[in-house]
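# An overview of the molecular structure
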Amino acid sequence: MVTFRLPRLFEKKRGSRRTGSQAWGQFGEACFYGSLLVAGVVFTVILGRRILEAPGFASISLWTWLLTLLLPGALLSIGGSGLARLLTGWGRSEEGMAALRRFPEMFQPSGRGFDANEFPSVPPWENFNNSPGTMLRYRLPLESAESWSVFGFGLFAVLWNAVVILLAVAAGVDFVGGQTDWLLLAILVPFVAIGIGGVVVFVRALVLQNAVGPTLIEIADHPLRPGDRCDVIIGQGGIGMFRQISLSLELEELATFRQGTDTRTERRVVREEPVAEWRAITIAPGHRFEERASFEVPAEAMHSFASLHNAVTWRIAVRVEPAKWPKFTRHFPIVVLPQRTGPTLLNTPPAGIATVGSGR
Amino acid sequence: MSRTAGQERLEPRVVVNFDRPSRRYDPQETVRLQYHVAGTGDAQVRMIERSALWYTEGKGEEDLGICFFERITDAEHLPPTQRQGEFAFRLPASPMTYEGTIVKIRWCVRVRLFFKGRRDFVSEHVFDVGELPPAMPLRQPPTAPR
């Protein structure tokens, strides 16, 4: 006996769960992707026939072919991939789908020099260990948010001012030709102001990034475990007075979520362990500030964690307060592995995925 | 769920007994448990899926990682013929159960019953991996999205 229920027009959403039928939802998705696929096929056939029947068929260039087939190609790929994804998941539970996705991982070479399943969901750390230090074992890479900001400001300034130049040339040509397009001039004034502002913001960010000199962090060991004590060396370039330089160990949570059509990321620092602090520092030309300290990863600490939309990350934070420039913070991520728990069992096979019985 | 004439109302439940009443395990330990399926009457169960997994909760989209997955389709191992079952799995080294402020990680065992002609039923039983203290917020993000 099979129950059949018509879809409801309005449904309730309880947390992440909905009251609607999953089968009807999948049916709706299948109709959507199926219609895209059919539209792609129809477009391809119609356009193909028209091109083939065109008088100058032999002289059509490759670019014309590609441009003509761009829309039907997109429809075919979106519709086809959507249908394939639906068919793969049809009738499967959330756990079944996760198990299915796990199979490729199990056969992939790890590339880390150890079993890929040894520390599932701990982010890889090869990139942190491939730069040897001059005094301690590893030189940590800088989290590049600051560099990306400067790059973003620069890109905006270049693109915006390119548009401004085009408008200005058009206005200039009109003016030389004896015409004055007042609307174009009115648009040009705020555009020029924004363009100048973009350049100023970019130059300021660039100067701030480079004027105070680079920050360098080297550590004696990596990755670390909760309870581990580790030596660290901080190096700060630049010339002149610094009011304060401080070093701390931070734990940050990061969650990515959708809000309407936007994807947002929220970060929250949930732990901060001060490591060392230096005040009233003067750096002579040709030298840099350099100090050694040591820190301990808290014994009851959460390990580093990264999944598709969530992460828990450890990092060394360097807060610098120059006398003549605005203060800034630079972050150097590290990886903390889970606590040691008794004798290692890493070489025994992990929990498995099995099907008992005849299958579906 | 609407019912057709003659179809009895089901109130399935799955009782799970972990080998450790505290339900707290260390990474890489083996978890053993027994379960009992009740409230299914004479309804035909065509399949049972039993799994162990972690999932995230909090502000971000949910992520999920499977540690153990087993599907039973032999009628002789399914209710109403057999209502009890047991399974064991070894936990990986990570992730550990974590009670953060915007990211939380939970471990659970799920027993999912697939009925013939009815909607499937899933029973979830949470347990802890490791023993970490909950995190406390230190400072608000500079640009908290609304």
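Residues numbered from 1 in each chain as written. Chains lettered and ligands numbered in written order. Predicted model: local features only at pLDDT ≥ 70, side-chain atom pairs only at ≥ 80, totals over all residues.

## Points about the overall build of chain B
The secondary structure content of chain B amounts to 0 helices and 9 strands. In chain B, the order of α-helices and β-strands from amino to carboxyl end is β-β-β-β-β-β-β-β-β. In chain B, buried positions account for 43% of the 146 residues. Here the contacts in chain B between residues at least 6 apart in sequence split such that 65% fall between residues at least 24 apart. (Helix = DSSP H or I, 4+ residues; strand = E, 2+ residues; numbered from the N terminus. Buried ≥ 20, exposed ≤ 12 C-beta atoms within 10 Å, placed from the backbone. Contact = placed C-beta atoms within 7 Å.)

## Here's the deal with the domain arrangement of chain A
Domain parsing of chain A yields domain 1 (18-107), domain 2 (126-139 + 213-334) and domain 3 (146-211). In this structure, domain 2 of chain A and domain 3 of chain A have C-alpha centres spaced 36 Å apart. (Domains from an automatic or database assignment.)

## Here we look at the environment of M97(A)
All names here are of chain A. Tracing the sequence through the fold places M97 in helix α4 (residues 94-107). For the pair M97 and G240, spaced 143 residues apart in sequence, the C-alpha to C-alpha distance is 59 Å. Here M97 is in contact with G89 and R92, once residues within four sequence places are set aside.

## Focus on the sheet that holds strand β1 (residues 13-18) of chain B
Strands belonging to one sheet form pairs held by backbone hydrogen bonds; the direction of such a pair is parallel or antiparallel. Residues and elements named next belong to chain B. Taken in spatial order, the 3 strands of this open sheet run β1-β3-β6, and their pairing is antiparallel. Among the strands making up the open sheet, the edge pair consists of β1 and β6 (84-90). If you compare each strand with its neighbour and ignore which way they point, the axes differ by 25° on average. When β1 meets strand β3 (residues 30-38), the two strands line up antiparallel, connected through 6 bridges. When the bridges of β3 are listed, R13 appears paired with A38. (Pairing = 2+ DSSP bridges. Axes fitted to C-alpha atoms, helices over the stretch in contact; angles between N-to-C directions.)

## Overview of the pairing of strand β6 (residues 240-259) of chain A
Alignment of β6(A) against strand β7 (residues 262-283) of chain A, held across 19 bridges, turns out to be antiparallel. Paired with L249(A) across the strands is E273(A), a residue of β7(A).

## Things to note about the sheet that holds strand β8 (residues 289-296) of chain A
Residue and element names in this part refer to chain A. Taken together, 4 strands build an open sheet; the order of strands is β3-β4-β5-β8 and the sheet is antiparallel. Among the strands making up the open sheet, the edge pair consists of β3 (138-139) and β8. Pairing of strand β4 (residues 215-219) with strand β5 (residues 229-236), which is carried by 5 bridges, proceeds in the antiparallel orientation. Following the sheet pairing, I217 is matched in β5 by I234.

## Considering the packing of helix α1 (residues 22-53) of chain A against helix α3 (residues 70-89) of chain A
Residues and elements named next belong to chain A. Running from N to C, α1 and α3 point in directions that differ by 150°, and their axes come no closer than 8 Å. The angle between the axes of α1 and α3 places the two elements in the roughly antiparallel class. Where α1 crosses over α3, the handedness of that crossing is left-handed. Facing Q26, E29, A30, Y33, G34, L36, L37, A39, G40, F43, T44 and L47 of α1, the residues of α3 in contact are L71, P72, L75, L76, I78, G79, G80, G82, L83 and L86. Split into classes, the residues belonging to the contact of α1 with α3 amount to 14 nonpolar, 7 polar and 1 charged. (Parallel < 35°, antiparallel > 145°, perpendicular 65-115°, else oblique. Left-handed = near helix turned anticlockwise from the far one by under 90°. Nonpolar A, V, L, I, M, F, W, Y, C, P; charged D, E, K, R; others polar.)

## Let's talk about the nonpolar core
Grouped together as the largest cluster of nonpolar side chains are 74 residues, with contacts concentrated most on I217(A), I316(A), V318(A) and I334(A). Excluding anything up to four places from it in sequence, I217(A) contacts L140(A), V232(A), I234(A), I316(A), V318(A) and F332(A). (Core = buried A, V, L, I, M, F, W, Y, C linked by C-beta atoms within 7 Å.)

## Considering α3(A)
For α3(A), which comprises 20 residues, the first-to-last C-alpha distance of 29 Å matches the rise-based estimate of 28 Å (1.5 Å per residue) to within 8%. The positive-phi residue at the C-terminal boundary of α3(A) is G91(A), with phi of around 75°. (Expected span 1.5 Å × (residues − 1).)

## Focus: the environment of G58(B)
As for its position among the elements, G58(B) is in strand β4 (residues 45-58). Using a count of 21 C-beta atoms within 10 Å as the deciding quantity, one classes G58(B) as buried. Considered as a pair, G58(B) and L91(B) are 33 residues apart in the sequence and their alpha carbons are 23 Å apart. Not counting residues within four places of it along the chain, the set of residues in contact with G58(B) comprises A255(A), G100(B), I102(B), V103(B) and K104(B).

## Focus on the confidence of the model for chain A
All names here are of chain A. Predicted confidence across chain A gives a mean pLDDT of 82, with 83% of residues reaching 70 or more. By mean pLDDT, the top-scoring element of chain A is strand β9 (residues 305-306) (95), and the lowest-scoring one is strand β12 (residues 353-356) (46). Counted against residues more than four places away or in other chains, residues 343-351, with its pLDDT under 50, gives 11 contacts. Low pLDDT (under 50) marks residues 354-360, which in the prediction has 15 contacts with non-local residues, meaning those over four places away or in another chain. (pLDDT = per-residue confidence, 0-100.)

## Quick notes on the confidence of the model for chain B
Residues and elements named next belong to chain B. With 89% of its residues at a pLDDT of 70 or more, chain B has an overall mean of 86. Counted against residues more than four places away or in other chains, residues 1-5, with its pLDDT under 50, gives 8 contacts. Taken together, the chains of this predicted complex give a pTM of 0.76 and an interface ipTM of 0.86.

## What about unusual backbone geometry?
Peptide bonds are, in most cases, trans, and in most cases residues other than glycine have a negative phi. A cis amide bond, omega 0°, links H222(A) with the succeeding residue P223(A). Position of P223(A) relative to the elements: it lies in the loop between β4 and β5. Residue P95(B) follows S94(B) across a cis peptide bond; omega there is 0°. For S121(A), which is not glycine, the phi dihedral falls at a positive 70°. Tracing the sequence through the fold places S121(A) in the loop between α4 and α5 (126-129). Within the chain, Q28(B) stands out as a residue other than glycine whose phi angle is a positive 75°. Structurally, Q28(B) can be placed in the loop between β2 (24-25) and β3.

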